[in-house]
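# Geometric and topological summary
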Amino acid sequence: KAFEIITSAFNRGDIATLKVLVSADIYQKMSDIIKQRQNDKITAETDFIGFDKAEIIKADVDGNKALVSVEFVSEQVNLLRSVEGEVIEGDENYIQNITDVWTFERSFKSKSSGWLLVSTKK
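In this text, all values refer to a predicted model and were calculated from it rather than measured experimentally. (Residues numbered from 1 in each chain as written. Predicted model: local features only at pLDDT ≥ 70, side-chain atom pairs only at ≥ 80, totals over all residues. Heavy atoms only, no water.)

## Concerning helix α3 (residues 24–40)
Where we set the bar: Going along the chain from the N terminus, every DSSP run of H or I of four or more residues is numbered as a helix, and every run of E of two or more is numbered as a strand. To estimate the expected span of a helix, subtract one from its residue number and multiply by 1.5 Å. Summary of the burial criterion: residues with accessible area below 20% of their type's maximum are buried, those above 50% are exposed, and those between are partly exposed, where the area comes from a 1.4 Å probe applied to protein chains only. Starting at the helix axis, one direction is taken to each C-beta atom, and the arc is that of these directions. Working rule for contacts: check all heavy atoms of both residues, and any pair within 4.5 Å makes them a contact.
With 17 residues, α3 should cover 24 Å at 1.5 Å per step; its first-to-last C-alpha distance of 24 Å lies within 8% of that length. Residues of α3 that are buried: I26, Y27, M30, S31, I34 and R37. Projection of α3 onto a plane perpendicular to its axis shows the buried side chains occupying an angular sector of 125°, all on one side. More than 90 degrees from the buried face of α3, the exposed residues found are A24 and N39. Here the buried face of α3 lies against α1 (2–12), α2 (15–21), β1 (43–62), β2 (65–81) and β5 (116–121).

## Re the pattern of salt bridges
Basically, it comes down to this: In what follows, salt bridge is the name for a side-chain nitrogen of Lys or Arg lying within 4 Å of a carboxyl oxygen of Asp or Glu.
All told, the structure shown has eight salt bridges when counted by the stated rule. Note that K29 and D25 form a salt bridge whose closest N and O atoms lie 3.3 Å from each other. One end of the pair is K29 and the other is D25, both in helix α3 and four residues apart, which spans about a single turn. Residue classification places D25 among the partly exposed positions, given a relative accessible area of 45%. Each of E45, R81 and E92 takes part in a single network of salt bridges with overlapping partners.

## Considering the nonpolar core
Test applied: We call a set of buried residues a nonpolar core when its members are Ala, Val, Leu, Ile, Met, Phe, Trp, Tyr or Cys and they connect through side-chain atoms within 4.5 Å of each other.
Ranked by size, the top nonpolar core spans 17 residues in total, and within it I6, L18, V22, M30, W102, F104 and L117 carry the most contacts. Broken down by secondary-structure element, the contributors of at least two residues to this core are α1, α3, β2 and β4 (96–107).

Purely geometric numbers; function is a separate question.
This is how it looks when you write it as structure tokens:
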């Protein structure tokens, strides 16, 4: 569920949601991209078709925190649209099969039960 929430928030430009779900580094990178899209008057759209795989591929303990890497293989339709609504990147009729590896972190000292996204790789 975290994958869908974070990806959707990123595409909607919902920085408030991102701020609580991703690390400061990831937040800055995503925020910069969102600001650039806004300046260029570009909107992003993602239509999730489904997941082919969501599997933990690595789990570590580093001092007082746990790190879990998850491989997501998903089917998506991704588009970028101009201010006029024209597709400038992507294809409405093409379903992409995308593999991502996301690493989540949680401090053992934290009172929150939430995990933060700290790394993404394609």
